[in-house]
Amino acid sequence: MATTSAHSDENYINCEKGLWSWLTTVDHKRIGVMYMICVMFFFLVGGIMALLLRLELFAPNKVAGVGGVLSDGNVYNQVMTYHGAIMVFMVIVPGIPAILGNFFLPLHIGAKDVAFPKLNLASWYCFMAGAAMAIFTFFTTRIDTGWTFYTPYSIRTGTATAMMVMAAFVMGFSSILTGLNFIVTVHKLRAPGMTMHRMPLFVWAMYSTAIIQVLATPVLAITLMLIAAERFLGIGIFDPKLGGDPVLFQHFFWFYSHPAVYIMIIPAMGVVSELLTAFSRKVIFGYTAIAYSSLGIAAVSFFVWGHHMFVSGQSATAGIVFSFITMLVGVPTAIKMFNWVATIYKGSVSFEAPMLFALGFLFLFAIGGVTGIMLAVLPIDVHFHDTYFVVAHFHYVMVGGTLMAIMGGFYYWFPKMFGKMHSDVTARLSFVFIFIGFNVTFFPQFILGAMGMPRRYFDYIPQYETLNKISTVGSWLIAVGFLIGLYTIVQGLLKGPKAPANPWGAKTLEWTIPSPPTMHNFEVEPVVTAGPYEYR
Amino acid sequence: MSTDNAHGGAHVAHHFKDATQQYDSGKEGIWLFMVTEILMFGGLFVGYAIYHNMYPEMFSEGASSLDWKMGFINTLVLIFSSFTMAISITFCQKNDKKKAAMALATTILCGAVFMCIKYFEYSHKFHLGLLPGKYLDVAKVGAEHANLGLYFGFYYCMTGLHGLHVLIGMGLISWCLIKTLRGDFSDQYWLPVEGVGLFWHIVDLIWIFLFPLLYLVG
Amino acid sequence: MAQNQNNDRNHLHPHITPMATYLKVAGVLFALTFLTIIAHHFNKSLGALAAPVAFLIAMVKAFFVMAWFMHMKDDKVLNRVIFGTGFFFLFVLFIFCAMDLATRVMEISPL
C-alpha cells in the first residue's frame, strides 16, 4: 500500500528485515544478492584449491621440503578435481547469469520481476542443495576423477563419485530453471516500446545463454545419472567390460560441457558490451551484429564438442568434421571483438575500475580465443592435448575473460545494487594485481605446454622448474588482487558514501531508478522510445 | 491489487499486466520444461540406438524375453489415460468440477494400472535372473551373449526412469485433483491442469516410442 | 458486468476442443497401436525394415498426441518452434555420435 515518496529511504534491502525474509523472498534482486554471497564463498574455496595446486607445483617433488606440499599424487588428484568441479559448477556456470542476470535482466527490460519469481527462488535452493552435496563429498572419500568424470575410471574409483555427480545433477536443474525463467521473461515482460532491438546487449547475452542452458543441461543430467547407474548397477553403457564405449561417455559429456563454456563466456561478453559503451560514452558500434553474434555463438556451440576428443579414440572423420566447425565458431566471437574496439574508438574514454577490467578482458580474451583456434586445428591439438597449453588456453578465456568481466560488472553495478560508492582507487589496485598476476601465472603455461608438460600431474621433470616457479608466484599476486577486491567491496558496503542513481552517466534503464532500487523496481512503468545507448 | 473478474476469476500476479500475459507466459515456460524432458530421455534413446546397431543379435535375445502383450496393454492404458487427461482440461474450461475430478481420478487410476503391470513384469524378470548390467549372471540365465547385461541395463534404466515419471505424474495429477475438488479451477484459470497434462502426455509419448523399440524390434 | 469481454485481456477465452475430436484421436491412437502389433507379426519378412516401420508408426502416433491432446494445433507458433528445437538438437547428438561410430577404422598395432 505504501507508495514511496521522493525522500523515502525504503529499498529492496531494508523493506523487509530478518534472515527469514531473505530465505523466502521471491524478489529477483534479493535472489541475485544471495547467489552473489554464495558464489563468492565457493570462489574462495576453489581459489584456495588452486593456490594449493600451484604450491605443490612450485618445485619438483624430489626437492626436499618444498616440492611435496600435498602428501601424494592421490591427494593432488583430489584437490585438482575439486578445484575444477567447484569453479565450473559452483562459480562460473551460475556466476554472471545467477547474480547479475537475476538482478539486472528485469531492470534492463523495464519489468517488475522475472516471469516466474517463485521458480527463481526454487533455482537458488536447488543450487544450494547441490552445492551442499558437493561439499559433503569432501568429508567422505572425496573425488579424484577430474571434473570431467571420464569413464571407466569414474566407474571403478572407490571415491564418492556417485554423490558428486548427483550434486552436479541438482545444480544443473538450477541452471535449467534459471534459463527457462529468463527466456520467458525476455519474450513476455518487456516494457512498452522495448522491442527486441532496443534491449541492452547484456539482455541479448542472457537470452542466448538461457537457450544453451535449457537445451544442453538435460543431456548432462542423463549422462550423470548414467554414471551413477554404472557405479551401482554396472549397466555397461560406458564400460568396455560389457561392450560399452568410454568414448560415448565423452560424446555425451561434452555435448553439454562444450556449450557450457559458452554459458560461461557469453554473459561475460554481455557485461563487456555494457561497460565499453558506458565508459566510452558512445553508442555501441554494430549493435545488431553483436546481438545476433551472441545467438550465433550459442547455436554453433552445439556442433563442435568433439574437439575435446581428438585423441580419445573417436574416428578421424569425426575429428576432421569437428575441427572444421570449431574454426567457424571463432567468427561471431571475432565480430564482437572488432565491434567493441570500434566502440571505444573516438569515444570519450575514462579509466575507472570497471573500464580497466573491460579493457583487460579485450586483451586477455583475445589471447585465449586465438589459442583456442590454434587448438581447433587437429594436428596442433594432437601435440597440445592434455598439456599445459590447454590449461593456459581455458584459463585465459575463463579467468581472463569471464572473471575479468564479472569483476568489472561488480564494480560497475555495485553502487546500484547496494546504494554505496566503493573506492575506485582500491578497485583499480585490485585490477593491477589481478591483471599482472594473471599473466605471470598463465603465460608461462603456454610455453610449458609447448615444451610438453602434461596437465593434471603432481610432479615434473627439472626442465620445467623455472617456469613453474614463475607461475606459482603469479598465483600469489592474483590472490592479493582478489583480497584487495574483497576489501573494496566490504569497505564500500560499510563505509562507502551514498551512491546517486546514475554515478557513471550510463543510459540503460536501471540507472533511471534509485540506488538501491525499491522492491517493485519502477514506480511508473517505463515507456521506451529509443535504443539503450543514446549517448550522442 | 488483483484484477479478478466476477466469481472464480484468475488472480493475476503483480508482475504480469493481465491474465492473458500470465497464461501465455506460463504455457511457454511449461513447453520449455518439456524440451528438457525430451532431451534427457532422448539421450537414453540415442544410446539405445547406437548399441542396438552394434549388437543386433544380443538385443534380439534380450527383447525376446519381454512379454509384448503386457507392453501392448500398457500402451493402451497410457493412451486412454492421455485421453482422460485431455478431457479433464475441457471439463475445467466448462466449469464442470465433478466431471473434471472424475477424469483426473481415472487418469491416476490408469497410471496405477500401468505401474502394477510394470511390477509384474519386473518381478517376473527378477525371478528369471534377468537383472541389469553386472548383476546378470550369464551362466545362471543361460544367455547366448556374454554382454546381455548391457541390454537389460538399458531396459531397466529406460523403463525405470519412465516409471519414475509416471509416479511423479500421478502425484502432480493428484494435486490437480485436490485443487479441482476445492473449486480452484474455472474457465478463467486452468493452467496448472493444462501444464500437468502436457507432462502426462510427454510420459505417454515416451512410452509410445519405448514400446516398439524395446518389446518389438528384437 | 458483461463489458466488451472480447478485448479485455483479463478475460481468457479458452479454446475448447470438442469431445468428438478427442474421441476420434483416441480411436486413431488405439488403431495405430493395433497396427504396431500387426506389423510386429510380419517382423521376419520385413527384415531390416522392421525397425524403421515401427519407428514410423510411433511417429504418427506421436503426431496425433502432440497435435490434439497437447493442443499444439491450436497453440502459438513459438511453442511449436520451442518443442521442435529440442528434437532437432537431440538429432544433432545422435548424428554426430553415429557418424563417429560409423567411421571408426579398426587399427592393429604394428608392435
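Just so we're clear, the structure is a prediction, and the values are computed from it rather than from any experiment. (Residues numbered from 1 in each chain as written. Chains lettered and ligands numbered in written order. Predicted model: local features only at pLDDT ≥ 70, side-chain atom pairs only at ≥ 80, totals over all residues.)

A. Representation of the overall build of chain B in the model. Along chain B, the regular secondary structure elements total 7 helices and 0 strands. Ordered by position from the N terminus, the helices and strands of chain B form the series α-α-α-α-α-α-α. Along the three orthogonal principal directions, the C-alpha set of chain B runs to about 70 × 30 × 25 Å. The 218 residues of chain B split such that 53% are buried. Here the analysis covers contacts within chain B between residues at least 6 apart in sequence; of these, 72% occur between residues at least 24 apart. (Helix = DSSP H or I, 4+ residues; strand = E, 2+ residues; numbered from the N terminus. Buried ≥ 20, exposed ≤ 12 C-beta atoms within 10 Å, placed from the backbone. Contact = placed C-beta atoms within 7 Å.)

B. Layout of the interface of chain A and chain B. With 30 residues of chain A at the contact, the number on the chain B side is 27 residues. The set of elements that each furnish at least two residues to the side of chain A that touches chain B consists of α7 (161-188), α8 (201-233) and α9 (246-280) of chain A. Here the element with the most residues in the side of chain A that touches chain B is α8 of chain A; it accounts for 9 residues. Counted by class, the side of chain A that touches chain B contains 21 nonpolar, 6 polar and 3 charged residues. (Nonpolar A, V, L, I, M, F, W, Y, C, P; charged D, E, K, R; others polar.)

C. Representation of the nonpolar core in the model. The biggest cluster of nonpolar side chains holds 271 residues, and the ones touching the most others in it are I183, V272 and F357 of chain A. Take this core: its biggest share by element is 23 residues, from α9 of chain A. Shared between two domains, this core takes at least three residues from each, and those domains are domain 1 (18-70) and domain 2 (75-103) of chain C. Excluding anything up to four places from it in sequence, V272 of chain A contacts W340, A358, F361 and A405 of chain A. (Core = buried A, V, L, I, M, F, W, Y, C linked by C-beta atoms within 7 Å. Domains from an automatic or database assignment.)

D. Just the interface of chain B and chain C, in detail. Contact with chain B, which involves 43 residues of that partner, is made by 39 residues of chain C. Sorting the residues of the side of chain B that touches chain C by element identifies α1 (19-54), α3 (68-93) and α7 (191-216) of chain B as the ones contributing at least two each. Broken down by element, the side of chain B that touches chain C gets its largest block of residues, 15 residues, from α1 of chain B. The residue makeup of the side of chain B that touches chain C, split by class, is 27 nonpolar, 10 polar and 6 charged.

E. Molecular detail of helix α5 (residues 117-137) of chain A. Helix length check: α5 of chain A (21 residues) gives 31 Å between terminal C-alpha atoms against 30 Å at 1.5 Å per residue, within 8%. Taken as a whole, α5 of chain A has its buried residues at P117, N120, L121, S123, W124, C126, F127, G130, A131, A134 and T137 of chain A. (Expected span 1.5 Å × (residues − 1).)

F. Molecular detail of the environment of G270 of chain A. Residue and element names in this part refer to chain A. Here G270 shows up in helix α9. Judged by the 32 C-beta atoms lying within 10 Å of it, G270 is buried. Here the alpha-carbon distance between G270 and A291, two residues 21 residues apart in the chain, equals 9.1 Å. In contact with G270, not counting residues within four places along its chain, are L201, F202, W204, A205 and M206.

G. Quick peek at unusual backbone geometry. All names here are of chain A. Residue T151 is joined to P152 through a cis peptide bond whose omega torsion reads -10°. Tracing the sequence through the fold places P152 in the loop between α5 and α6 (153-156). Going from S515 to P516, the amide bond is cis rather than trans, its omega being -10°. For P516, the location among the structural elements is in the segment after α16 (465-495).

H. Summary view of the packing of α1 of chain B against α7 of chain B. Residues and elements named next belong to chain B. Two elements in contact, α1 and α7, have axes whose closest approach is 10 Å; the angle formed by their N-to-C orientations is 15°. Put simply, α1 runs roughly parallel to α7. At the point where α1 passes α7, the crossing takes the right-handed sense. Where α1 approaches α7, its residues Y23, G26, I30, M34, E37, F41, F45 and Y48 are matched on the opposing element by L191, G195, L198, I202, I206, F209 and L213. For the contact of α1 with α7, the residue count by class is 12 nonpolar, 2 polar and 1 charged. (Axes fitted to C-alpha atoms, helices over the stretch in contact; angles between N-to-C directions. Parallel < 35°, antiparallel > 145°, perpendicular 65-115°, else oblique. Left-handed = near helix turned anticlockwise from the far one by under 90°.)

I. Local environment of helix α1 (residues 19-41) of chain C. An ideal rise of 1.5 Å per residue puts 33 Å on 23 residues; α1 of chain C measures up with 34 Å between its terminal C-alpha atoms. Every buried residue of α1 of chain C is accounted for by V25, A26, L29, T33 and T36 of chain C. In this structure, the buried side of α1 of chain C is in contact with α3 and α7 of chain B together with α3 (50-69) of chain C.

J. Just the environment of L128 of chain B, in detail. Secondary-structure assignment places L128 of chain B in helix α4 (residues 97-128). The spatial distance from the C-alpha of L128 of chain B to the C-alpha of S65 of chain B is 9.7 Å, given a sequence separation of 63 residues.

K. How the structure looks around the confidence of the model for chain B. All names here are of chain B. Averaged over all residues, the pLDDT of chain B equals 92, while 95% of them reach at least 70. Taken as a whole, residues 1-8 scores under 50 in pLDDT and shows 11 contacts with residues more than four places along the chain or in a different chain. Across the predicted assembly, pTM comes out at 0.95 and ipTM at 0.93. (pLDDT = per-residue confidence, 0-100.)

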